[in-house]
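Examining the three-dimensional arrangement
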Amino acid sequence: MTTTRFAPSPTGHIHVGNLRAALFNYLIARKAGGTFILRLDDTDQERSKQEYVDGIMRDLEWLGMHWDRVERQSLRLDRYAETADQLRASGHLYEVFETPTELDLKRKKQLNMGKPPVYDRTGLNLSDADKDKLRAEGRAGYWRFRLDHERIEWNDGILGDISIDAASVSDPVLIRADGQVLYTFASSVDDTDMGVTHVVRGADHVTNTATQIQIIRAIGGTPPSFAHHSLLTGAKGEELSKRIGALSLKDLRDAGIAPEALISLMARLGSGQPVGLSSLDELAAEFDLAHFGASPTKFDAEDLWPLTREYNQSLPFASVRDRIAELGVPTDQAERFWRVASQNITTLDDLNGWWRICHEGAEPLIDAEDSDFVAEAVKLLPPPPYSDTSWGEWTAQVKAATGRKGKGLFMPLRKAVTGQAHGPDMSELMPLLQVVRARG
């Protein structure tokens, strides 16, 4: 069975870059009728917070991306300790003691000599007496995985055939001096134990994948099929930082972006396919990693607004009935209000402004050259309530009285009544108006 996972660290909010990995893994699982796991990589006890766990779940639920089960790495520490002992026994895990300063000096020396800055495996040569001496000096040991110096190869679902010389990569640190299990190790154990068959993540993880393939094999597992999507850049090609708050899902949601707009864009961005509104089921049915390439992919949040507008304007009245009732729109006017306002909104919050115009009246927008004309016209406008024929009757009277016609007639009156240069058909809007401030 196809099994995928989304494995965020609950140390912050989901960003659009995180979402891309989550969505790809979700769509692969759903297309195959498989399992999608939400795995919380929360071994960093200091930075992991429940508020971020709640936020991650809220964001995924907002998008309609429902997981089949939740796993937490913080509940699997015994399993990692057991596997670490297995790797020590097999000679794959060894203790080292270098400080960050010492490692930095080694790297600089290697670079000066024209050599790649790869860890020199000094720790492998330490005797038990050497280690005891270092501990007595106050040094704390931590643990590296000994890579087999061979080529690590796999067929990447997006990048194609990958081959990395393990000798060009430093033996990765798997367990810190304080005992914290690091991502590379915990993820390898989890993917093995949970039967993960496919992993899609960013291209910045390619080297991690090489080392994880060896770790998984060392613990007796079978590596999943890996794919590495291109990294997102800004609209002008600039690097996107996950710390840019405006690109967190929370802030996009708060801004009024429709979830359907976000998933429709993110599922096709970089694929060469046209972007149009689609449901998650539709996206899953057509999803294919072969559509995506390795080139950096530009993301412009502005592209979400036309899709949000299209989605919201297509909603049936039943979907917004409760929201419109909360505005205070009378039940007998609610459906008409939606029909009139819906084609003039981008976000659903824009409904507030249209109901305010209907309920409280708009601040008249009157150009200086039209002030006398509008003053004369509003004298001919009776007080509410209005009917479907009120706009036509009023404008006909104003035309007869002033001689104005066409845009010179209709636009100043629209702006005086609604405070807007654009908007719904005035014949449809007039019956909803309870106040017209231009009347004085």
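Now for a description of the structure that goes with this document.

Basis of the calculations
- Residues numbered from 1 in each chain as written.
- Predicted model: local features only at pLDDT ≥ 70, side-chain atom pairs only at ≥ 80, totals over all residues.
- Heavy atoms only, no water.
- Axes fitted to C-alpha atoms, helices over the stretch in contact; angles between N-to-C directions.
- Helix = DSSP H or I, 4+ residues; strand = E, 2+ residues; numbered from the N terminus.
- Parallel < 35°, antiparallel > 145°, perpendicular 65-115°, else oblique.
- Contact = heavy atoms within 4.5 Å.
- Left-handed = near helix turned anticlockwise from the far one by under 90°.
- Nonpolar A, V, L, I, M, F, W, Y, C, P; charged D, E, K, R; others polar.
- Buried < 20%, exposed > 50% of the residue type's maximum accessible area, 1.4 Å probe, protein only.

Considering the packing of helix α15 (residues 371-378) against helix α17 (residues 407-418)
Between α15 and α17, the least distance of the axes is 10 Å, while the angle of their chain directions is 75°. With respect to their mutual orientation, α15 and α17 come out roughly perpendicular. Between α15 and α17, the residues in contact are Phe-373, Val-374 and Ala-377 and Gly-408, Leu-409, Pro-412, Leu-413 and Ala-416, respectively.

Digging into the packing of helix α6 (residues 183-193) against helix α7 (residues 206-218)
Between α6 and α7, the least distance of the axes is 9 Å, while the angle of their chain directions is 55°. The angle between α6 and α7 falls in the class oblique. As α6 packs across α7, the resulting crossing turns out to be right-handed. The segment α6 lies against α7, with Tyr-183, Thr-184, Phe-185, Ser-187, Ser-188 and Thr-192 engaging Asn-208, Thr-211, Gln-212, Ile-215 and Ile-216. The residue makeup of the contact of α6 with α7, split by class, is 4 nonpolar, 7 polar and no charged.

Side note on α6
Extensive coverage of α6 is indicated by the burial of 8 of its 11 residues. Regarding α6, the residues found buried are Thr-184, Phe-185, Ala-186, Ser-187, Ser-188, Val-189, Asp-190 and Asp-191. On its buried side, α6 packs onto β1 (3-6), β2 (35-40), α3 (77-89), β8 (173-175), β9 (198-202) and α7. Phi turns positive, to about 65°, at Gly-195, one or two residues after α6.

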